[in-house]
Amino acid sequence: MSWFKRKTKGITTTTEEKKDTPKGLWYKSPTGKIVDTEELEQNFYVSPEDGYHVRIGSREYFQILFDDNKFKELDANLESKDPLKFVDTKKYPDRLKSAQKKTNLKDAVRCAVGKSKGKDLVVACMDFAFIGGSMGSVVGEKIARAADYALKNKLPLMVISKSGGARMMEAALSLMQLAKTSVKLAQLSDAGLPYISLCTDPTTGGTTASFAMLGDINISEPGALIGFAGPRIVRDTTGKELPDGFQTSEFLLEHGFLDFITLRKDLKDKVNQYLDLILNQPLRA
């Protein structure tokens, strides 16, 4: 005996009445684990199944680091120009407009100042979603201005790197940002102000060759790709097979390029604990 009987034969559902499953309800990690997106957000965008740290942007990092997500954004309206009149598959200004519309960002870095565990902290955070987090003139200028703000107000600076490297559309102008940001960080050091560099997935190219590896303390998230050139380029150039885990944050920690790796849920506590220690002030709870 069947449990259900169809009373009317030939039932059909019109296209208008069909309902699709809403997008974004689930996230699939690279290891194949399926996670509810709401659960993922509540877990600092880390897969509870395998600990995979999902790529996030400045909005999420500011939410993690700043008390009650309150901060003042610095130089928010700075935008790139096109001094080289660069064209590849499309004109550079068109590419910028497309990226701005898609990401709702002005460029590949946002800088802000706010309270973190009760004390002021300047944070410059890169966004990979904007042209692969590429470092152009605006990225270098905003990080330099963030350092100037930290110098003027005697505050610590933190830079969160997430970049595919220098922006090819700005050629040598992009490469000049390596020197400019490095000089500003040297001025911070001379003033005795702490600089923390957080390398996230991925941190490559000119970013790695400048501010990402110049921190008083260099830290990273688990499993992040960190290097100057990607593993494939290194393999093809050297003609040698690379060690397991080459250019992961764990490999770099083992070889002395990083001071420690922190889980994202512990990031705020770890950063402020270090600042309290280096500034010789009472540890905050």
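Here is what the cut-offs are and how they apply
Residues numbered from 1 in each chain as written. Predicted model: local features only at pLDDT ≥ 70, side-chain atom pairs only at ≥ 80, totals over all residues. Heavy atoms only, no water. Helix = DSSP H or I, 4+ residues; strand = E, 2+ residues; numbered from the N terminus. Buried < 20%, exposed > 50% of the residue type's maximum accessible area, 1.4 Å probe, protein only. Contact = heavy atoms within 4.5 Å. Areas by Shrake-Rupley, 256 points an atom, 1.4 Å probe, with all protein chains shown as cover. Lys, Arg positive; Asp, Glu negative; His and termini not counted. Charge placed at Lys NZ, Arg CZ, Asp CG, Glu CD. Phe/Tyr/Trp six-rings, centres within 6.5 Å; stacked < 30°, edge-to-face > 60°. Expected span 1.5 Å × (residues − 1). Arc of directions from axis to C-beta. 1 Å grid on protein atoms, 1.4 Å probe; cavity = no way out; pocket = protein on both sides within 12 Å on 5 of 7 lines; lining within 4 Å. Points joined across faces, edges and corners; volume = space filled by probe spheres on them. Nonpolar A, V, L, I, M, F, W, Y, C, P; charged D, E, K, R; others polar. Polar contact = N/O pair within 3.5 Å; in protein donor to acceptor, adjacent residues only side chain to side chain. Patch = residues over 30% accessible without salt bridge, like charges linked within 9 Å, V, L, I, M, F, W, Y side chains within 5 Å. Salt bridge = Lys/Arg side-chain N within 4 Å of Asp/Glu carboxyl O. Disulfide = S-S within 2.5 Å.

1. Structural notes on the overall build of the chain
Okay, so step 1: Helix and strand counts for the chain come out as 8 helices and 10 strands.
Okay, so step 2: With the principal axes as the frame, the chain shows a C-alpha extent of 85 × 50 × 45 Å.
Okay, so step 3: For the chain, buried positions account for 43% of its 285 residues.
Okay, so step 4: For the chain, restricting intrachain contacts to residue pairs at least 6 apart in sequence, the fraction spanning at least 24 positions comes to 66%.
Okay, so step 5: Of the roughly 16,100 Å² of accessible surface on the chain, 54% is carried by carbon and sulfur atoms.
Okay, so step 6: Counting 42 positive and 37 negative side-chain charges, the chain places the averaged centre of each group 6 Å from the other.

2. Thoughts on the side chain of glutamate 170
Okay, so step 1: Inspection of the secondary structure assignment puts glutamate 170 in the loop between strand E6 (157-163) and helix H5 (171-190).
Okay, so step 2: Given a relative accessible area of 2%, glutamate 170 falls into the buried group.
Okay, so step 3: Residue contacts for glutamate 170: discarding those within four places in its chain leaves Ser80, Leu84, Tyr92, Gly136 and Ser137.

3. Considerations on the packing of aromatic side chains
Okay, so step 1: Going through the model one piece at a time under the given rule, you end up with 4 aromatic pairs.
Okay, so step 2: Grouping aromatic residues by their ring pairs yields a cluster made of Phe62, Phe66 and Phe71.

4. Overview of H5
Because the α-helix completes a turn every 3.6 residues, residues three or four places apart line up on one side.
Okay, so step 1: In this model H5 runs 31 Å from its N-terminal to its C-terminal C-alpha over 20 residues, within 8% of the 28 Å that 1.5 Å per residue would give.
Okay, so step 2: Residues of H5 that are buried include every one of Ser174, Gln177, Leu178, Thr181, Lys184, Leu185 and Leu188, and no others. For H5, the angular spread of buried residues about the axis comes to 145°, placing them on one side. Of the residues in H5, the exposed ones pointing more than 90 degrees away from the buried face are Leu175, Met176 and Asp190.
Okay, so step 3: Buried residues along H5 sit against helix H4 (137-153), E6 and strand E7 (195-204).
Okay, so step 4: Positive phi appears at glycine 192, one or two residues downstream of H5, with a value of about 75°.

5. Considerations on the layout of surface pockets
Okay, so step 1: For the largest pocket, the calculated volume is near 240 Å³.
Okay, so step 2: In terms of residue class, the lining of the largest pocket is built from 4 nonpolar, 3 polar and 6 charged.
Okay, so step 3: Considering only enclosed or pocket space, the second largest pocket measures out at about 190 Å³ in volume.
Okay, so step 4: Together, Thr208, Met213, Ile226, Gly227, Phe228, Phe246, Gln247, Phe251, Leu252, His255 and Phe257 line the second largest pocket.

6. Some remarks on the side chain of glutamate 60
Okay, so step 1: Along the chain, glutamate 60 falls in helix H2 (residues 58-65).
Okay, so step 2: For glutamate 60, the side chain forms a polar contact with the side chain of arginine 59, separated by 2.7 Å.

7. Observations concerning unusual backbone geometry
Okay, so step 1: Along the chain, aspartate 201 connects to proline 202 via a cis peptide bond; the corresponding omega equals -5°.
Okay, so step 2: Considering the arrangement of structural elements, one finds proline 202 in strand E7.
Okay, so step 3: Even without being glycine, isoleucine 131 reaches a positive phi, approximately 50°.
Okay, so step 4: Among the structural elements, isoleucine 131 can be located in the loop between strand E5 (119-126) and H4.
Okay, so step 5: With a phi angle near 55°, lysine 154 is a residue other than glycine that sits in the positive phi range.
Okay, so step 6: Note on placement: lysine 154 falls in the loop between H4 and E6.

8. Structural notes on a nonpolar patch on the surface
Okay, so step 1: Taken together, the side chains of Leu25, Trp26 and Ile34 define a hydrophobic patch exposed on the protein surface, amounting to about 330 Å² of accessible area.
Okay, so step 2: Relative to the elements of secondary structure, isoleucine 34 occurs in strand E2 (residues 34-36).
Okay, so step 3: Looking at isoleucine 34, the relative accessible area reads 49%, which means it is partly exposed.

9. Details of the state of the cysteines
Okay, so step 1: Summed over the entire model, instances satisfying the criterion amount to 0 disulfides.
Okay, so step 2: We note that cysteine 125 lacks a disulfide partner, and the nearest cysteine sulfur, in cysteine 111, lies 9.2 Å from it.
Okay, so step 3: As a non-bridged cysteine, cysteine 199 has cysteine 125 as the owner of its nearest cysteine sulfur, 12 Å distant.

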